[in-house]
Amino acid sequence: MATDALLTAQAVHDLIHSSDAGSADKKIVDASWQFPHTGRKVVEEYKQCHLPTALMFNVDDCVDKESEFDMMLPSAEEFSAYAGNLGIGNDTHVIVYDNSDMGLFSAQRLWWMFKVFGHDNVSILNGGLPAWKAAGFETEAGEVKTQPRDFKAELRADMLFTFDDVESNLTEKTVQLLDARPPGRYGGSQPEPRADVESGHVPNTINVPFGMILDAKTKTVKTPGELEKAFESKKVDLSNPVAVMCGSGLTCTGLYLAAYLCGKFDVKVYDGSWCEWFFRAKPENILKNE
C-alpha cells in the first residue's frame, strides 16, 4: 500500500502511541531549517522542544560539501550513512516535520530527498510542530539516541533536472519550469538571501511562490483541489512536463509535493536552482522584470 504523503497530527500521535508502537518500524524526524539571516538555531530549538522520540536531521550536514552551490544533494553513500546513523533502515516509515511558523518550510525537502534516494515510505506531518502543539499533544526536550542501522540509498537520477536540461529547455520549451521563490526575488526587485547572488529569473519560467501551496489560516498544505486551482491560476498544465526550481532547491520541493498530491508523480527538481544558474548561465539568460 502506498504511503500517505501527508499525515495529520492525530494520525502521527496514533502511530506513536498505538499498541504496536514499540515494534513498528518508524522514525519521527525533525527536518527544521531556517535561513541564516533569521538568527534561528534549529538544532538548539530541537533540543528544547520536539515530538516524542523525534531525531534531528540537520539538512546542512547532509549535503554535497564539495559543491560551491547551496544545499546540493549528497552522494547516495553519504545519504545512506546519515540516514543509517539515525536508525533508519530500508523498511522504516519515516515521518518528517519542521518547526516553521508557516506550518511547512523545509520538511518537504527531506521528504523529497528520501524519495530521490529510493525510499518511498516517507510522510510529512501536515502543519508541522505548530499543528502538533495546537492539538495539545505532548512534546519532549533533549536529544534522542538511537542505534545505527544499515540503509542503502540508490539515486533516482530521472527525478532531477540539471543545468544542461534548463539550458536546452530555453530553446526546446518542452518543460514548464516553475520557480517557487517570492515574486520580488523572482522579478529582481528584492535581494537573494546569499549576498553574492543577484535576484532575477531564468527565461520562460513561471513564478509559483511556495506560499501558494499553504492555507494561510490553517497553516497546512492545501487540498488537492485547491492545489490544482493554484496551478491553473498560474497557467500550469499538469498534464504536460514540469520541472521546479527555487533559490537553492528547498522550497521548490514544495511545488513537487503539491503536484504529487494532485496525482502528478513525474515532476523533476532542478537541485542547483537559481544559485547555480546565476553563476553558470550566460548574462542574457539572467532576467529581471522591468
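Here's a quick rundown of the structure. Note that residues are indexed from 1 along each chain, following the sequence as it is written. Where local features are concerned, this predicted model is filtered to residues with pLDDT of at least 70; where side-chain atom pairs are given and counted, the filter is 80 or more; whole-chain, interface and lining totals use all residues. As a rule here, side-chain values come from all non-hydrogen atoms in the structure, and water together with hydrogens is ignored.

**Regarding the pairing of strand E7 (residues 176–179)**
And step 1. Relative accessibility under 20% of the residue-type maximum defines a buried residue, over 50% an exposed one, and the middle range a partly exposed one, all with a 1.4 Å probe and only protein chains included. Where helices and strands are cited, they refer to DSSP runs of H or I of at least four residues and of E of at least two residues respectively, numbered from the N terminus. Burial along E7 is two-sided: the residues Gln176 and Leu178 and Leu177 and Asp179 are all buried.
And step 2. Of the strand pairs in this sheet, E7 and strand E11 (residues 242–245) are connected by 4 bridges, and their pairing is parallel. Among the inter-strand pairings, Leu178 is bridged to a residue of E11, identified as Val244. Should DSSP find at least two bridges between two strands, the strands are regarded as paired.

**As for the side chain of His13**
And step 1. Positionally, His13 belongs in helix H1 (residues 9–17).
And step 2. In this description, contact between two residues means that some pair of their heavy atoms is separated by no more than 4.5 Å. Here His13 is in contact with Trp132, Phe137 and Glu138, once residues within four sequence places are set aside.

**Observations regarding the side chain of Ser106**
And step 1. In this structure, Ser106 sits in the loop between strand E4 (93–97) and helix H4 (107–116).
And step 2. A relative accessible area of 0% places Ser106 in the buried class.
And step 3. Setting aside its immediate chain neighbours within four residues, Ser106 contacts Ala31, Ser32, Trp33, Asp98 and Leu250.

**Observations regarding helix H9 (residues 252–261)**
Count 3.6 residues to each turn of an α-helix, and residues three or four apart come out pointing the same way.
And step 1. Counted residue by residue, H9 has 9 buried out of 10 residues, so it is predominantly covered.
And step 2. Taken as a whole, H9 has its buried residues at Cys252, Thr253, Gly254, Leu255, Tyr256, Leu257, Ala258, Ala259 and Tyr260.
And step 3. The positive-phi residue at the C-terminal boundary of H9 is Gly263, with phi of around 90 degrees.

**Looking at the pattern of salt bridges**
And step 1. Definition used for salt bridges: Asp or Glu carboxyl oxygen within 4 Å of a side-chain nitrogen of Lys or Arg. Taken as a whole and judged by the stated rule, the model has 13 salt bridges.
And step 2. Of the charged contacts in the structure, one is a salt bridge between Arg181 and Glu192, with a shortest N-O distance of 2.8 Å. Of this pair, Arg181 sits in the loop between E7 and helix H7 (183–187) while Glu192 sits in the loop between H7 and strand E8 (206–207); the two residues are 11 residues apart in sequence, bridging distant segments of the chain. In this pair, the class of Arg181 matches that of Glu192, namely buried.
And step 3. A cluster of three or more residues bridged by salt bridges with shared partners is formed by Asp179, Arg181, Arg185 and Glu192.

**Considering the nonpolar core**
And step 1. Core analysis: the largest hydrophobic core is formed by 60 residues, its most contacted members being Phe79, Trp111 and Trp112.
And step 2. Only helix H3 (76–85), E4, H4, strand E5 (122–125), helix H8 (224–233), E11 and H9 provide two or more residues apiece to this core.
And step 3. For Trp111, the residues in contact, after removing those within four places along its chain, are Ala5, Val96, Val122, Ser123, Ile124, Tyr256, Leu257 and Tyr260.
And step 4. As used in this record, nonpolar core signifies buried Ala, Val, Leu, Ile, Met, Phe, Trp, Tyr and Cys residues forming a set joined through side-chain atoms within 4.5 Å. Residues Met72, Trp274, Phe278 and Ala281 belong to the second largest nonpolar core, which totals 18 residues.

**Notes on the packing of helix H6 (residues 163–172) against helix H10 (residues 273–280)**
And step 1. To obtain an axis, a line is fitted to C-alpha atoms, over the contacting stretch when the element is a helix, and the angle between two such axes runs from 0 to 180 degrees between their N-to-C directions. It is the contact of H6 with H10, at a shortest axis distance of 11 Å, that shows an interaxial angle of 70 degrees. Our classification of the angle between H6 and H10 gives roughly perpendicular. Note that H6 runs across H10; the crossing there is right-handed. On the side of H6, the interface is formed by Phe163, Val166, Glu167 and Leu170, while H10 contributes Glu276, Trp277 and Arg280. Oblique is the label for any angle not under 35 degrees, not over 145, and not in the 65 to 115 range, which are roughly parallel, roughly antiparallel and roughly perpendicular in turn. If you view the pair so one helix is near and one far, a crossing is left-handed when the near helix is turned anticlockwise from the far one by less than a right angle, and right-handed when it is turned clockwise.

**Describing H10**
And step 1. Within H10, 6 of the 8 residues are buried, which leaves it mostly tucked inside the rest of the structure.
And step 2. Contact partners of the buried residues in H10: H6, E11, H9 and strand E12 (268–270).

**Overview of the packing of aromatic side chains**
And step 1. Pairing of aromatic rings covers Phe, Tyr and Trp, the last counted by its six-membered ring, and requires centre-to-centre distances within 6.5 Å; plane angles under 30 degrees mean stacked, over 60 mean edge-to-face, and any other angle means tilted. Per the counting criterion, the structure on display carries 20 aromatic pairs.
And step 2. Following the ring pairs from residue to residue traces out a cluster consisting of Phe57, Phe79, Tyr82, Phe114, Phe117 and Phe151.
And step 3. A ring is considered to have a charge above it if a Lys NZ or an Arg CZ atom is located within 6 Å of its centre and within 35 degrees of its normal. A cation sits over an aromatic face here: Arg280 above Phe163, 4.0 Å from the ring centre.

**Concerning the sheet that holds E5**
And step 1. Ordered in space as E1-E5-E4-E2-E3, the 5 strands form an open sheet in which the pairing is parallel. On the outer flanks of this sheet lie strand E1 (6–7) and strand E3 (55–56), each paired with one strand and no other.
And step 2. In terms of strand pairing, E4 meets E5 through 3 bridges, oriented parallel. Each bridged residue has a counterpart across the sheet, and for Ile95 the counterpart in E5 is Ser123.

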